[in-house]
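The chain contents come next:
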4 protein chains.
Amino acid sequence: MNNLKKYALNEIPHYKVHGRTVPGANPLPLFFNGSAVELNVSGAELWADLEVSWQNLEMWVTVEINGELMSRQMLMPGTCSLCLFRGMTPNTVKNVRLTRELQAMTEDEDCCLIVHGFQTDGDFHPVAKGKYTLEFVGDSITSGEGTYGAIGEADWIPMYMSYSRDYAKMTAEALGADAFIISKGGWGVLSGWDNNPDSNIPSRYEQLCGLCCGKRNESLGAFKPYDFSLRKIDAVIVNLGTNDASAFQQPAWHDPATGRTFKQRLNPDGTFQADDLKRFQDAVISFLKTLRRHNPQAHIIWCYGMLGYDLTTAINDAISRYTKENGDHNLIFLQLPNTTAQTVGSNDHPGVLSHRRAAQVLIEYLQDYFSGN
Amino acid sequence: MNNLKKYALNEIPHYKVHGRTVPGANPLPLFFNGSAVELNVSGAELWADLEVSWQNLEMWVTVEINGELMSRQMLMPGTCSLCLFRGMTPNTVKNVRLTRELQAMTEDEDCCLIVHGFQTDGDFHPVAKGKYTLEFVGDSITSGEGTYGAIGEADWIPMYMSYSRDYAKMTAEALGADAFIISKGGWGVLSGWDNNPDSNIPSRYEQLCGLCCGKRNESLGAFKPYDFSLRKIDAVIVNLGTNDASAFQQPAWHDPATGRTFKQRLNPDGTFQADDLKRFQDAVISFLKTLRRHNPQAHIIWCYGMLGYDLTTAINDAISRYTKENGDHNLIFLQLPNTTAQTVGSNDHPGVLSHRRAAQVLIEYLQDYFSGN
Amino acid sequence: MNNLKKYALNEIPHYKVHGRTVPGANPLPLFFNGSAVELNVSGAELWADLEVSWQNLEMWVTVEINGELMSRQMLMPGTCSLCLFRGMTPNTVKNVRLTRELQAMTEDEDCCLIVHGFQTDGDFHPVAKGKYTLEFVGDSITSGEGTYGAIGEADWIPMYMSYSRDYAKMTAEALGADAFIISKGGWGVLSGWDNNPDSNIPSRYEQLCGLCCGKRNESLGAFKPYDFSLRKIDAVIVNLGTNDASAFQQPAWHDPATGRTFKQRLNPDGTFQADDLKRFQDAVISFLKTLRRHNPQAHIIWCYGMLGYDLTTAINDAISRYTKENGDHNLIFLQLPNTTAQTVGSNDHPGVLSHRRAAQVLIEYLQDYFSGN
Amino acid sequence: MNNLKKYALNEIPHYKVHGRTVPGANPLPLFFNGSAVELNVSGAELWADLEVSWQNLEMWVTVEINGELMSRQMLMPGTCSLCLFRGMTPNTVKNVRLTRELQAMTEDEDCCLIVHGFQTDGDFHPVAKGKYTLEFVGDSITSGEGTYGAIGEADWIPMYMSYSRDYAKMTAEALGADAFIISKGGWGVLSGWDNNPDSNIPSRYEQLCGLCCGKRNESLGAFKPYDFSLRKIDAVIVNLGTNDASAFQQPAWHDPATGRTFKQRLNPDGTFQADDLKRFQDAVISFLKTLRRHNPQAHIIWCYGMLGYDLTTAINDAISRYTKENGDHNLIFLQLPNTTAQTVGSNDHPGVLSHRRAAQVLIEYLQDYFSGN
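Residues numbered from 1 in each chain as written. Chains lettered and ligands numbered in written order. Predicted model: local features only at pLDDT ≥ 70, side-chain atom pairs only at ≥ 80, totals over all residues. Heavy atoms only, no water.

(A) Structural context of the overall build of chain A. Secondary structure summary: chain A contains 6 helices and 18 strands in total. Taken over the C-alpha trace, chain A has a radius of gyration of 21 Å; the compact-globule value for 373 residues is 21 Å, and the two agree within 12%. Taking the principal axes of the C-alpha coordinates as reference, chain A spans close to 70 × 50 × 40 Å. For chain A, the residues scored as buried account for 66% of the 373 residues in total. By sequence separation, contacts in chain A at least 24 residues apart represent 76% of the contacts at least 6 residues apart. With the model as given, the accessible surface of chain A reaches about 13,000 Å², and the carbon-plus-sulfur share is 50%. Separation of charge centres in chain A, based on 32 positive and 42 negative side chains, amounts to 4 Å. (Helix = DSSP H or I, 4+ residues; strand = E, 2+ residues; numbered from the N terminus. Rg over C-alpha atoms; globule rule 2.2 N^0.38 Å. Buried < 20%, exposed > 50% of the residue type's maximum accessible area, 1.4 Å probe, protein only. Contact = heavy atoms within 4.5 Å. Areas by Shrake-Rupley, 256 points an atom, 1.4 Å probe, with all protein chains shown as cover. Lys, Arg positive; Asp, Glu negative; His and termini not counted. Charge placed at Lys NZ, Arg CZ, Asp CG, Glu CD.)

Dropping the structure here:
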């Protein structure tokens, strides 16, 4: 390890950043699960210089070499040099990807992962752009909750969340696409699973990363408006509605500080209260307008179903209304297979088999869509 | 074969009829694919006495013994005695099912299959009712078109249609359910694939079997109103819309005799013309009312997708409107996986792998539904 | 059907015969399961003119169109014209194969299937030779016993035997090979499962078809020496030993007529008696010599294991001795996966899933072998 | 993390050690891939106190919680506290296993992994013994080489070796068995892949861990005779012969220091030279005697085939000779499916799919074997 050379990120001639971030940031924060730095590098050895912080929700990362998962591990707070590979044939070029497994966290104001640079005895080579660019917008499903951990586990911990076994990764890989992920467990279109009206993804979509918190993240630029001109998305895959469906079944949310309260209501016969269903649909329509404004050319796929089909018709109805009112036909509803006892993972969430089935539906649809365009 | 005894159907103490038919008919016409006679019979040998007629579209049947397919064959016009099994241990009871593979046919006025009776050296034993009763209402997909035959075949012939590899059979078997099938290739909710407005299933749903033709079928009672009180359906699975979507892409239908013409139109930009989409949706709503009237307790599942997702939102929109106008929430939309190059069969129709995937979605949904009721 | 033209087999310019038979025979007997006539034919319609005879064990056939199974059915004794397809586009050429499902039978002296000719409104086109030529030599496994019928069935009837779900067919198809089948349920290398020393395949291997009986079969040439120069086998797959293993567990065979008796014995501790194991091995060696004499260029694969691994080492020991004594290294032992509760079929025999697993081992081995030669 | 309590291993009332080691050792060396410490522990948090050393071949470990893989990572030399989980519900008991991924190494004299103890805020609970006890004896296949890493990789590095995707793990888990692993890449029964006659597993089998080197390992007791009375093995699975087959194809091994040389030779026609084949077989027989001496009750399964079938008959011949000479029938040969282009992993070694297929054969065989005993 003597002849390793240390590079700050901005000294590296070629590297590729996955996920939304501040363009040209050095050091580079990785805000979302799936956010990553990808390198093509020669040399026998490669290390990443990282800065990790968190109070209660620990950071997890994965390392892939030439597209194959090599390691998955927890990172302790502090700075560290993490060995990504060693002992390899120096003159071959390896494709390496260091990826954040953990979703953005509003529950830990210190939670962040920052890439300062790399150390290697090799050289850096260009990294190709993906064939397509996809954006996945979702909740705990898209945050991979349940893709690790035994069936029956009930702890809400970072260890059970992932990008490495996420349908978004499977879909992007099968298509040779780059993926942007924006997702947060428990959040919905109108409200969170617990009727918290602030836990809605649309209100944060236009920020770089509105799904975290804290001064450190703020200083990294997380809450600034996102510059959508930075990337041209071919398809936006929205996988939301699951927590909105839960809200109807949960007690009212109440904020003792302000006295504010919120509740999506059921009728006495167990059906959705019409007004509340309508405000969910209005939120869908409003979000579709936001998505279209920032992604004028993107095909929008609204996915739903991995944890129940209850809002299928309501979502479609909203899509239909949006289409009529806006003359926008460049979107579709796609039902993803519900999770079963055979495909469930930890925390009663979709397991890796459920993610694979969902990815298959998306892959086939997108292959078909892209081949026709 | 000397000691075989010949029984007319009405001399047989125990037998079970699958599919819509005239109650107590002797001899018994089998009108639809999936229509069948099921026996529990001892003896070394069993023969069926059949009457077969057709002009140009030949009849096909299958024989199952103890739930396993033994034979599938073409039947020539005339009367015949068909050996269903022989050489078996006399004192064990075999479950035997003789099933029509071929859908009802409006294209051959002679096409019918009539069971006159059976010959055996054994005795007849009671046949149990299924755990649930399902009705499948569909088009060529539900008629199993494409489930036999090589990929690339393009002949529209009975040989390529089936019940034996149909998602309806797979679904019913997995649930231990009895299945009624009403399906006809090329037909839709509003019009046929070719814009023929008479090729709509709703107009025939209330007849015993309005999907065939000819004096012989008429004399068998095919066109009489069906007595829906004969069976109580637990779930109606409608798989329609595929031909309605085709109609938008096809030239206008024109009847030279009457000068009548019909066309579902596209806008110049390739989207569905709003008025025409609405009349499709009106037809969906109208059909839902018909289904509900005759199956007041049934859960209605509107399936769609095995040959394209184009009308997904339109169907859901119609379901939503139907629900609002009628206060009926006992129905759901289920998207079935589109057919791919890997799952296609003959005639560009879903192959057996596509049927299996579709059945899996239905099986999982229905298991979930029935377990909660 | 008016313009069908009737052709005796010898009037047909192009047809291909599968399986051992008398060269140029007209009419043509099909002796073994897998024996078949294959045609490439245009026209809307094709019928086969057949002669069928049997007393107690009924004949079964399959029809394949363009490589896909269309029908499987029992044939009654007598002559018949069997419609193989109808209603097809006249000017396309269809590949059609009419195949005997049922193994050769020593238990029914009338049992035979003879092809007299075909009727069609189309023309006959050349049928290509397979890429390789394989010979499968076996017992009930190779006769497909258990590939049809429900788990738990115990009747020894033709209905449960097949070529259509046989590992030999799967293997040949995957390799694009022509297959010769010589197999008979219950038979072994040294003796049958019941210790009958006459039920050994080697004693009949050099006859055209020594595994049937009766004057009719004799007159068809079944018992004449087979002219091995007629075909050049690339690989002989022997799947024998299973019944030899059974013989050790079964009571002695005794022929009351002659007083002749035979028994493969176990030691008191349940292991194989050394002398009896040796005479089994001698029979293996002797058979290998026979196989080599008639197939000097063929790669010999001795398969074993689908119904137990008991004789694995004994067979290998014999192969090793044969190799040493004869300097012949062009052979290999291949263990096929044992049948499990998940893969069993009827009659406690390998089901279609077991055949598929076995075929997979053979396919991979042969692909590897042929790619290296 | 304030209330964590630090325990030396010998202060922990309940823990289970997997793999051969010094009984009661504190601290505890983990010598082989698959060697592990397993705990049942309550508490919110668990850390392992480890000592790691290596010069050039880095250590890898995995952590499993309740039977599911959570992390896989490289460990740097030195002492460290590794967090195994945190943030979990304190009062539930978690099953935790910290496992060495990396095989024993003769190529790095510093290479070792030592468990000093654990830190937790919970309590320790008893860990059950497995239903069966298995010993796997093998080469690079059993060391999991190729189970990680992309197809086409050619670096011989620890990252590509594993226990976590090894057929031995899959087999043990499916049977609920405890597994002992003794394996070393490149080694054989008679010689290594390169004809090195010292690279033979039998010469090291009787040492605790003869497959590593260096003073540190020596001081840990690695080279002492293993006390076989410590465990009673139900089945020994030997997966050797692959490197012995390679030796025939490789140039002679030559030790410049001593002038010693060794070569397994081919005949001019490419077949194995008889004398050399015999000395391989003698080594097999000799090893079988060793295995039997130390495992008198164990069922011995000699597996072979995952990287070619070349020595199948030779191994069986040796088994047969061993059986005859020693009257020992409690052993069997099992052929494992060869690796194909579809199942290969990195370094031209079996990938995870190949391991799964091999495990399936073993699982089915052992389930059958154990159910009959």
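After that view of the structure, there is still more to cover.
(B) Quick peek at the pairing of strand β6 (residues 59-65) of chain C. Residues and elements named next belong to chain C. Most of β6 sits inside the fold, with 7 of its 7 residues counted as buried. Burial along β6 is two-sided: M59, V61, V63 and I65 and W60, T62 and E64, pointing in opposite directions, are all buried. Looking at chain direction, β6 and strand β7 (residues 68-75) are connected through 7 bridges and run antiparallel. When the bridges of β7 are listed, V63 appears paired with S71. Connecting β6 to the antiparallel partner β7 that follows it, the hairpin turn spans 2 residues, and N66 within it adopts a positive phi of roughly 50 degrees. (Pairing = 2+ DSSP bridges.)

(C) Focus on the interface of chain B and chain C. Taken together, the contacts link 33 residues of chain B with 33 residues of chain C. For chain B, the biggest contributors to the area lost against chain C are M70, R86 and D155 of chain B; these three give 24% of the whole. Taken together, the links from chain B to chain C amount to 2 salt bridges. We note a salt bridge from R86 of chain C to E58 of chain B, for which the minimum N-O separation is 2.8 Å. For the interface between chain B and chain C, the tally reads 11 residue pairs in polar contact (both at pLDDT 80 or more). Put simply, the parts of the chain that give the side of chain B that touches chain C at least two residues each are β6 (59-65), β7 (68-75) and β8 (78-85) of chain B. Ranked by residues supplied to the side of chain B that touches chain C, first place goes to β7 of chain B with 7 residues. Its residues placed into classes, the side of chain B that touches chain C shows 19 nonpolar, 8 polar and 6 charged. (Buried area = accessible area lost by both parts, 1.4 Å probe. Salt bridge = Lys/Arg side-chain N within 4 Å of Asp/Glu carboxyl O. Polar contact = N/O pair within 3.5 Å; in protein donor to acceptor, adjacent residues only side chain to side chain. Nonpolar A, V, L, I, M, F, W, Y, C, P; charged D, E, K, R; others polar.)

(D) A look at the sheet that holds strand β12 (residues 132-138) of chain B. Residue and element names in this part refer to chain B. Strand order in this open sheet of 5 strands is β13-β12-β14-β17-β18, and the pairing throughout is parallel. Looking at strand neighbours, the two that pair on one side only are β13 (177-183) and β18 (331-335), the edges of this open sheet. Each neighbouring strand pair of the sheet contributes to a mean axis angle of 20 degrees, computed without reference to strand direction. For strand β14 (residues 235-239) and strand β17 (residues 299-304), the ladder comprises 5 bridges, and the chain directions are parallel. Bridging across to β17, V236 finds its partner in I300. (Axes fitted to C-alpha atoms, helices over the stretch in contact; angles between N-to-C directions.)

(E) The packing of helix α1 (residues 167-175) of chain A against helix α6 (residues 352-371) of chain A, seen in detail. Residue and element names in this part refer to chain A. Interaxial distance between α1 and α6 falls to 8 Å at its minimum, and their mutual angle equals 40 degrees. When the axes of α1 and α6 are compared, the crossing they make is right-handed. Within the contact between the two elements, α1 uses Y167, M170, T171, A174 and L175 and α6 uses V352, H355, R356, A358, A359, L362, I363, L366 and Q367. Within the contact of α1 with α6, the residues separate by chemical class into 10 nonpolar, 3 polar and 1 charged. (Left-handed = near helix turned anticlockwise from the far one by under 90°.)

(F) Focus on the relation of the copies chain A and chain D. For the pair chain A and chain D, the relating rotation is 180 degrees, the translation along its axis is 0.0 Å, and the fit reaches an RMSD of 0.0 Å. On the angle and the small slide along the axis, the relation comes out as a two-fold axis. It is R72 of chain A whose C-alpha, among those of chain A, lies nearest the rotation axis, at 2.7 Å. When the interface residues of chain A are mapped onto chain D, 100% of them again lie at the interface, so the same face is used by both copies. (Least-squares fit on C-alpha atoms with pLDDT ≥ 70 in both.)

(G) Fine view of the relation of the copies chain B and chain C. Take chain B, turn it by 180 degrees, move it 0.0 Å along the axis, and it overlays chain C with an RMSD of 0.0 Å. Of all interface residues in chain B, 100% are interface residues in chain C too; the two copies therefore contact each other through one and the same surface.

(H) Expanded view of the side chain of K169 of chain D. All names here are of chain D. Counting through the fold element by element, K169 comes out in helix α1 (residues 167-175). With a relative accessible area of 11%, K169 lands in the buried category. There is a polar contact of 2.5 Å between the side chain of K169 and the side chain of E173. Each residue touching K169, except ones within four places of it in the same chain, is listed here: E64, Y163 and S164.

(I) Representation of the sheet that holds strand β12 (residues 132-138) of chain C in the model. Residues and elements named next belong to chain C. Strand order in this open sheet of 5 strands is β13-β12-β14-β17-β18, and the pairing throughout is parallel. Pairing within the sheet leaves two strands with one partner each, and these edge strands are β13 (177-183) and β18 (331-335). Mean inter-strand twist for the sheet, computed between neighbouring axes without regard to direction, equals 20 degrees. Against the sheet, helix α1 (residues 167-175) contacts β12, β13 and β14 (235-239), and its axis sits at roughly 170 degrees relative to β12.

(J) Just the confidence of the model for chain A, in detail. Overall, the prediction assigns chain A a mean pLDDT of 97, with 99% of residues at 70 or greater. As a predicted assembly, this complex carries a pTM of 0.95 together with an ipTM value of 0.96. (pLDDT = per-residue confidence, 0-100.)

(K) Highlighting the packing of aromatic side chains. This model, assessed by the stated rule, comprises 44 aromatic pairs over all chains. Both rings, one in Y132 of chain C and one in F370 of chain C, keep their centres 3.8 Å apart while their planes meet at 5 degrees; by these two values the pair is stacked. Residue Y132 of chain C is located in strand β12, and its partner F370 of chain C is located in helix α6 (residues 352-371); the two are separated by 238 residues in the primary sequence. F370 of chain C carries the same exposure label as Y132 of chain C, and that label is buried. A ring pair is formed by Y205 of chain D and F287 of chain D, whose centres lie 5.6 Å apart and whose planes are at 80 degrees; its orientation type is edge-to-face. Taken together, the residues Y205 of chain D in the loop between β13 (177-183) and α2 (215-219) and F287 of chain D in helix α4 (residues 274-294) connect sequence positions 82 residues apart. (Phe/Tyr/Trp six-rings, centres within 6.5 Å; stacked < 30°, edge-to-face > 60°.)

(L) The interface of chain A and chain D, seen in detail. Listed as interface residues are 33 residues of chain A and, on the opposing side, 33 residues of chain D. The largest contributions to the chain A side of the interface with chain D come from M70, R86 and D155 of chain A, which together make up 24% of the buried area. Where chain A meets chain D, there are 11 residue pairs in polar contact (both at pLDDT 80 or more). Those elements that place two or more of their residues in the side of chain A that touches chain D are β6 (59-65), β7 (68-75) and β8 (78-85) of chain A. No other element matches the 7 residues that β7 of chain A contributes to the side of chain A that touches chain D. Counted by class, the side of chain A that touches chain D contains 19 nonpolar, 8 polar and 6 charged residues.

(M) Expanded view of unusual backbone geometry. Cis peptide bonds are those with omega within 30 degrees of zero, and the linkage from N26 of chain B to P27 of chain B qualifies with 0 degrees. Topologically, P27 of chain B is positioned in the loop between β2 (16-18) and β3 (28-29). Of note, the phi angle at N195 of chain C is positive, near 75 degrees, even though the residue is not glycine. Mapped onto the secondary structure, N195 of chain C falls in the loop between β13 and α2 (215-219). Residues other than glycine seldom take positive phi values, yet N347 of chain D does so here, at roughly 55 degrees. Secondary-structure assignment places N347 of chain D in the loop between β18 (331-335) and α6 (352-371).

(N) Layout of the pattern of salt bridges. Enumeration according to the criterion identifies 87 salt bridges over all chains in this entry. In this structure, R357 of chain A and E364 of chain B form a salt bridge, with 2.8 Å as the shortest nitrogen-oxygen distance. Here the residue R357 of chain A occupies a position in helix α6, and E364 of chain B occupies one in helix α7 (residues 352-371), the pair thus bridging two chains. R357 of chain A gets classed as partly exposed once you look at its relative accessible area, which sits at 26%.

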